[in-house]
Amino acid sequence: MKKVLQGIVILAFFLIPNHATAQQPEVRSKPKSTHNNKVETTAGSWLFSLYPNNILKATFTPVGSSRNEQVSDAVIAKAVVISPTIKRGENKTTVSFGNISSAQVNNAGVEFNAGDSNHISLVNIFYSNEHRGFRFSLMPGEMIFGTGERSIPLNRRGYKLPLNNAPAYGYSLNAESLNYCVPFILSSRGYAIFFDNPSKGFFDIGKSVPDLLEYSVTSGELSFYIIPGKNYQEIIESYHRLVGTAPLPPRWAMGNLMSRFGYRDEKQTRLIIAQMQKDSVPLDAVIFDLFWFGDSIKNTLGNLSWVNKKAWPNPEKMIRDFSKQHIKTILITEPFVLKTSLNYEESKHLHATDSAGNPYVLQEFYFGKGGIIDLFRKDAQKWFYSKYKTQMNIGVTGWWGDLGEPENHPANVYHDLKDLGFKRKFASGEIHNIYGHYWSKMLAEQYKKDYPNQRLFHLNRSGYAGSPRYSSFPWSGDVSRSWDGLKGQLPLIQGMSISGIPYIHSDAGGFAGGDGDPELYERWLQFAVFTPIYRPHGTALGDLEAGGKDIPSEAALWPEPTKSLAKAAAQQRYQWLAYNYNLSYLQTRYGKPLITPMFFLNSHDSNLYKAADQYMWGDEVMVVPITGKGQKIKTYYVPAGAWTNLHTMQIRTGPDWITDSSFGMESIPVLAKEGSFIPRVNGLQNTSAYNTSTLEIIYVPSAGPSTYKLYEDDGNSAIALKGRKYEITGFSCSGMSKLTQITIVSDGGNYKGRINQRKMHLRIINAMKKPTEITINGKSFTANAIWNNERKDLLIPFIFEHKKTQIQINFK
């Protein structure tokens, strides 16, 4: 039976700009100790802390409670060193952080104030040996977003959602529980709450009681962070500053990663790569599933070595040959070691245990009987990483962590967290949702020691808040090869992105089952072009799967016209490399998501909340995937302003719902907003050629002024930002008029591989007419420009020498 410990608690937040935190609030008194942030009530104690960007942390410790440890390291921001004013009265105590926030505490409740805007009401706190948590009131019409990986509508109100990382093989639409949950909610009323507790639990968002949000967990510290902001974007950026941003990926990771379940031997792999190259399908990496360490699906996890010498006679030479072609090698690993593997006896003392301390043996595990590595232990981490190091010594470049929820994690499994400072053993449910996070942390920290100047690429199916800062690139699990599987990716990737997981992506083409529908494959790849990672991947087991279809993931293995359409999608991915890589920089530097729902543009436009099957790719581009078989017409919402379809060059003006039939099988609607600068590169077969390629800058005309900044570096250095080894090029336009001026300015930065005389093409689409005169830095350039009268397209080729360049175009 749950015991209700608190009455009404009111939290009021005034959404003030972030720059206000730079000013020291007025301090009226200085506490004698840090405990002056702590307020005792008959039910328990409150502890309050202020963090940058007006974030307020509140922690409640019930009287007589146990298992209150904080095992999460998600928050990396430091509390603001501001001494609160403490006023103790007969019936209440007030804790004030200057004019930013305050808390009034008595035995009936707590009232938080930071101005006179948003009120967030905490109805009660409950605690028992089995469950503990908070209940907040929900206002009429309030929408709740976030919560991590789900293929349900973006507004999660009306759902009871597990906080339990769990695989769902062959899922499609309306999967409420998947591989990567995040205890984070974003409200349409202008605030977010991050509940920092990785134990199993649930969110009940108005399902049981329509006007209540219940957060319940089984163990751990009861704390939450209230994150205010003047708009959704500001809130998410503040959240990323709290838990960290993702490091820059290696540039090659933004290319085409060739993958399937799975490549069975070296001969097969070489033949498929050769076919991809013959057909000029761009390619940057090959990913090996579990057949690299065994010749069957079951009973091989934990080998972590190329045991089948017939299939893989010389893996080091194979990897070296691929590297000479600028193709990276990525290997899968799992945190399970089966009894039938080479490493079981060697590693079993490093496994999680039963309650008596004996190595736990999983009995009901699809892949076979065995143990799970206790990755909270330093000695277990050291052993596991040694297997990585052996493969990196022969040229392996990236990693793929699978089954890290963990997929099989019984309730009577125990983990040893002594290396994190805890004396007791923790049951699996207490740390389940952060296991994958500590896996990513282990690999990132060890990799940094051995390769301090190289960026890590680590696919990991699961994790926790803050995992992206360890170079974790999650995918959406074993989605079905079906149209509903594709449709389910739209709410999933948007929901994950606004939960602070920026590099979420899918097995492009679908993973499980399927009948080999070429149209589904084509449409999925066209969508994947505009997602953080482009990785076609699916089951193709050949003779290992009785009755299963051997459906290829690789474009070159499909018959025409699918081959050409899939190839075009891969080429388009490389065409957008500069733009996409710049999105990565904006995430790393500022915490900006790569993908955002449409309502991030304007929280007051109700139609944007309805436009859930389209999304923004960065600030400039709107993507409208085609998710229906044989679909010839698409109705979607055009936000305020003028938007240009980058395939048809048709201009759409919003706000308005439109019905579009202009797309064919070769494209999906991709629209750029007026005033955008879109950097592109053409003809790449591999990202290694990026720095020597011609950079095309598309300008989408607007009557008003606009700017854009492009980040570029060597594509690999882990210290590029810290070491100032990069260049930012700024593009600005005064606005399209009879006399249009476009200015290009470098910030003076430099990096390895930068071309001093960079070939650039400025392309103005839908120009008003053929210009009468063009000058660059005052010199006539009219004769060099190319005008396409049919498309109203102006192309100006020039050499950029990293100096201020002014292009003046006279349309009189």
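See the structure above.
Only a predicted model underlies this, so the values are computations on that prediction, with no experimental measurement involved.

1. With respect to the overall build of the chain
For step 1, the next point in the chain: The helix and strand tally for the chain stands at twelve helices and 45 strands.
For step 2, the next point in the chain: Relative to its length of 812 residues, the chain is compact, with a C-alpha radius of gyration of 27 Å against a globular reference of 28 Å.
For step 3, the next point in the chain: For the C-alpha atoms alone, the extent of the chain along its principal axes is close to 85 × 65 × 50 Å.
For step 4, the next point in the chain: For the chain, restricting intrachain contacts to residue pairs at least 6 apart in sequence, the fraction spanning at least 24 positions comes to 72%.

2. Quick look at helix α1 (residues 232-243)
For step 1, the next point in the chain: The end-to-end C-alpha separation of α1 is 17 Å, in line with the 16 Å expected for twelve residues at 1.5 Å each.
For step 2, the next point in the chain: If you check which residues of α1 are buried, you get Y232, Q233, E234, I235, I236, E237, S238, Y239, H240, L242 and V243.
For step 3, the next point in the chain: Looking one or two residues beyond α1, the residue adopting positive phi is G244, at roughly 100°.

3. Thoughts on the sheet that holds strand β14 (residues 181-187)
For step 1, the next point in the chain: Spatial ordering of the open sheet is given by β3-β4-β5-β18-β15-β14-β12, a layout of seven strands whose pairing is antiparallel. On the outer flanks of this sheet lie β3 (38-40) and β12 (144-148), each paired with one strand and no other. Put simply, the sheet's adjacent strands are angled 20° from each other on average, direction ignored.
For step 2, the next point in the chain: Looking at chain direction, strand β4 (residues 44-51) and strand β5 (residues 55-62) are connected through eight bridges and run antiparallel. Looking at the pairing, S45 lines up with T61 of β5.
For step 3, the next point in the chain: Contacts between α1 and the sheet are confined to β4, β5, β12, β14, β15 (191-195) and β18 (222-228), with β14 contributing the most and set at about 145° to the helix.

4. Topic: the environment of I744
For step 1, the next point in the chain: Along the chain, the position of I744 falls in strand β39 (residues 739-746).
For step 2, the next point in the chain: For the pair I744 and T707, spaced 37 residues apart in the sequence, the C-alpha separation amounts to 9.9 Å.

5. Let's talk about the sheet that holds strand β40 (residues 758-764)
For step 1, the next point in the chain: Strand order in this open sheet of five strands is β35-β36-β40-β44-β43, and the pairing throughout is mixed. Of all the strands in the sheet, the pair left with one neighbour each is β35 (677-681) and β43 (786-788). Ignoring strand direction, the axes of neighbouring strands in this sheet form an average angle of 20°.

6. Points about the nonpolar core
For step 1, the next point in the chain: By size, the foremost hydrophobic cluster in this structure holds 214 residues, and its most contacted members are L186, F194, L242, W617 and I796.
For step 2, the next point in the chain: Apart from the residues lying within four places of it in its own chain, the contact partners of L186 are M143, I144, F145, Y191, A192, Y232, I235, I236, I498 and F600.
For step 3, the next point in the chain: If you look at the next biggest cluster of nonpolar residues, it comprises 37 residues, including I86, V105, L161 and F203.

7. Re the pairing of β39
For step 1, the next point in the chain: Inspection of the sheet shows strand β38 (residues 727-733) paired to β39 by five bridges, in the antiparallel sense. When the bridges of β39 are listed, S732 appears paired with T743.
For step 2, the next point in the chain: Hairpin geometry of β38 and β39 is characterised by an intervening segment of five residues between the two adjacent antiparallel strands and by a positive phi of about 120° at G735.
For step 3, the next point in the chain: Judged from the six bridges that link them, β39 and strand β45 (residues 805-810) form a sheet pairing that is antiparallel. In the sheet register, I744 faces β45, and the bridge partner there is T805.

8. Brief notes about the pattern of salt bridges
For step 1, the next point in the chain: Enumeration over the complete set of coordinates arrives at 38 salt bridges.
For step 2, the next point in the chain: In this structure, the salt-bridge partner of R461 is E407, at a minimum N-O distance of 2.9 Å. Here R461, found in the loop between β27 (458-460) and β28 (472-473), pairs with E407, found in the loop between β24 (398-401) and β25 (414-416); they are 54 residues apart in sequence, far enough to count as distant.
For step 3, the next point in the chain: Under the relative-accessibility criterion, R461 is labelled buried at 1%.

9. Remarks on the packing of helix α2 (residues 266-278) against helix α3 (residues 315-324)
For step 1, the next point in the chain: Packing of α2 against α3 brings their axes to within 11 Å, and their N-to-C directions diverge by 10°. It follows that α2 is roughly parallel to α3 by the angle criterion. Packed against α2, whose contacting residues are E266, T269, R270 and I273, the element α3 presents K317, M318, D321 and F322 at the interface.
For step 2, the next point in the chain: Looking at the contact of α2 with α3, its residues break down into three nonpolar, one polar and four charged.

10. Observations concerning the environment of V396
For step 1, the next point in the chain: As for its position among the elements, V396 is in the loop between α5 (378-392) and β24.
For step 2, the next point in the chain: Residue V396 is classed as buried on the basis of its relative accessible area of 6%.
For step 3, the next point in the chain: C-alpha of V396 to C-alpha of P315: the two residues are 81 residues apart in sequence and 9.9 Å apart in space.
For step 4, the next point in the chain: If near-sequence neighbours (up to four positions away) are discounted, V396 is found in contact with I319, T329, L331 and Q391.

Cut-offs used in this document
- Residues numbered from 1 in each chain as written.
- Predicted model: local features only at pLDDT ≥ 70, side-chain atom pairs only at ≥ 80, totals over all residues.
- Heavy atoms only, no water.
- Helix = DSSP H or I, 4+ residues; strand = E, 2+ residues; numbered from the N terminus.
- Rg over C-alpha atoms; globule rule 2.2 N^0.38 Å.
- Contact = heavy atoms within 4.5 Å.
- Expected span 1.5 Å × (residues − 1).
- Buried < 20%, exposed > 50% of the residue type's maximum accessible area, 1.4 Å probe, protein only.
- Pairing = 2+ DSSP bridges.
- Axes fitted to C-alpha atoms, helices over the stretch in contact; angles between N-to-C directions.
- Core = buried A, V, L, I, M, F, W, Y, C linked by side-chain atoms within 4.5 Å.
- Salt bridge = Lys/Arg side-chain N within 4 Å of Asp/Glu carboxyl O.
- Parallel < 35°, antiparallel > 145°, perpendicular 65-115°, else oblique.
- Nonpolar A, V, L, I, M, F, W, Y, C, P; charged D, E, K, R; others polar.

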